[in-house]
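# Observations on chain architecture
These are the residues of each chain, in order.
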Amino acid sequence: RAPQAEQGFGDHFSRLLDQRRQEADDFYQKHLPYPPEGEEFRIMRQAQAGLLWSKQFYCYQVARWLKGDPGQPARTRTGRSTAGTGTGPMFSSRDIMLMPDTWEYPWFAAWDLSFHCIEFARIDPDFAKAQLELLLREWYMHPNGQIPAYEFAFGDVNPPVHAWAAWRVYKISGARGARDRGFLESVFQKLLLNFTWWVNRKDAEGKNLFSGGFLGLDNIGVFDRGQPIPGGGQLRQADGTAWMAFYANTMLSMALELARNPDGSINCAYEDMASKFFEHFIQIVDAMNAAGGMGLWDEQDGFYYDQIDFGTHTMPLRTRSLVGLLPLIAVEVLNR
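The structure contained in this document is the topic of the report that follows. Fair warning: this is a prediction, and the values are worked out from it, not measured in the lab.

## Brief notes about the environment of Ser265
Looking at where Ser265 falls in the secondary structure, it is placed in the loop between helix H9 (238-259) and helix H10 (268-290). Apart from the residues lying within four places of it in its own chain, the contact partners of Ser265 are Ala259 and Arg260. Within polar-contact distance, the side chain of Ser265 engages the side chain of Asp263 at 2.6 Å.

## As for the layout of surface pockets
Space inside the largest pocket adds up to approximately 320 Å³. Lining the largest pocket are 13 residues, with Glu257, Arg260, Val333, Leu334 and Asn335 sitting closest to its centre. Those elements that provide at least two residues to the lining of the largest pocket are helix H7 (162-172) and H9. Take the lining of the largest pocket: its biggest share by element is three residues, from H9.

## Some remarks on empty space enclosed by the protein
For the structure on display, the rule yields three cavities of 30 Å³ or more. Reported here for the largest cavity is a volume of approximately 190 Å³. If you list the elements that add at least two residues to the lining of the largest cavity, you get helix H5 (110-120), H7 and helix H8 (181-201). Within the lining of the largest cavity, the residues separate by chemical class into twelve nonpolar, five polar and one charged.

## Let's talk about the packing of aromatic side chains
Applying the stated criterion across every chain, the model contains 25 aromatic pairs. On the basis of an interplanar angle of 70° and a centroid distance of 5.6 Å, the ring pair of Tyr105 and Trp107 is categorised as edge-to-face. Residue classification places Tyr105 among the partly exposed residues on the basis of a relative accessible area of 38%. Grouping aromatic residues by their ring pairs yields a cluster made of Tyr58, Tyr60, Phe91, Phe108, Tyr140 and Phe154. When the ring centre of Phe127 is taken as origin, the NZ or CZ atom of Lys55, which lies over that ring, is 4.1 Å away.

Calculation notes
Along each chain, the written sequence defines residue order, and numbers are assigned to residues from 1. Given that the model is predicted, a residue must reach a pLDDT of at least 70 before its local features are reported, and side-chain atom pairs must reach 80 or more before they are shown or counted; all residues, however, enter totals for whole chains, interfaces and linings. Heavy atoms throughout the structure, all of them, feed into the side-chain values; hydrogens and water do not. Helix and strand definitions here come from DSSP, where helices need a minimum of 4 consecutive H or I residues and strands a minimum of 2 consecutive E residues; each element is numbered from the N-terminal end. Contact between two residues is taken to exist if any of their heavy atoms lie within 4.5 Å; hydrogens are not considered. For this analysis, a polar contact is any N or O atom pair within 3.5 Å, provided that within protein one partner can donate a hydrogen and the other can accept it, and provided that sequence-adjacent residues contribute only side-chain to side-chain pairs. Lining residues are those with an atom within 4 Å of a point, where the points come from a 1 Å grid over the protein atoms alone and group into cavities, where a 1.4 Å probe fits but cannot get out, or pockets, open sets with protein on both sides within 12 Å along at least five of seven lines. Grid points are joined across faces, edges and corners, and a volume is the space filled by probe spheres set on the points. Each residue gets one of three labels, nonpolar for Ala, Val, Leu, Ile, Met, Phe, Trp, Tyr, Cys and Pro, charged for Asp, Glu, Lys and Arg, and polar for the others, Gly among them. Pairs were defined over the aromatic rings of Phe, Tyr and Trp, the Trp ring being its six-membered one, requiring ring centres within 6.5 Å. Orientation was assigned from the angle between planes: stacked under 30 degrees, edge-to-face over 60, tilted for the rest. Exposed residues in this analysis have more than 50% of their type's maximum accessible area, buried residues have under 20%, and partly exposed residues fall in between, with area computed by a 1.4 Å probe over protein chains only. Charge-over-ring placement is defined geometrically: NZ (Lys) or CZ (Arg) within 6 Å of the ring centre, and within 35 degrees of the ring normal.

Below, the structure is given as structure tokens:
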């Protein structure tokens, strides 16, 4: 607060500024689970303020952009915006979206948005749910089930955290028995398409070992795993495979929730889906731990490593990084 500067605008300005400060304090004290004098409260307040500040109207209609302005030369389809995207001209956005940063990173990023929504659910759960549903709509998601990554490379492969975000937002936004089952059911149906895309497109050999793109946190491998391996070979990613086991677990939890109707009866259709995702999880875990002998696990080192499969033999990439720790996230607690 700068009292001298405020006095220059008069008493009315000072009173109005004090009122706005009090309103902001009341707002955050209502939503944050820490005492206002604590460091945790200040950190979360700054984080939530950043999310509110990063809301932005995002307008990007690729088909219209490719046509160009009337009277001007048509744009080519070989530019960076649509090359190898898997989404191309069908992407059409005219929406308010949560951006990573409206100044430095003013473009949507699908998996960043998932993390944002979890925290935003404490402030505005309806907006958080609408954001997660938005990226699954037909003018964002490709018909094959792929979720666009970001504007400059729709087809990049990010960790599949959309289901986890939806599951967390569902639980944060309401008490047990009063949660938005319609939202959960809606996103579950669309996520079935996305899960199938992952199984079909990122498991090259059908062995439940996944690869492609930066499936770690900001490409934490020692080289760009989205590019072909010099000299040939197929990369098997420990973290990519772990993300898929985690994805299957999350879908299992969502299916179990939807299988229990509010009146206590069982919805057999979702019960069957729960069984399907449990089977997926078991197959992925078995592949990680046993495929080709020991899978991606190194018994001597007690660590998971990426592997390069050359057809006749495999070579582990013995780099101890978060790649080998991510399998620890693929855990789910099921209540009886």
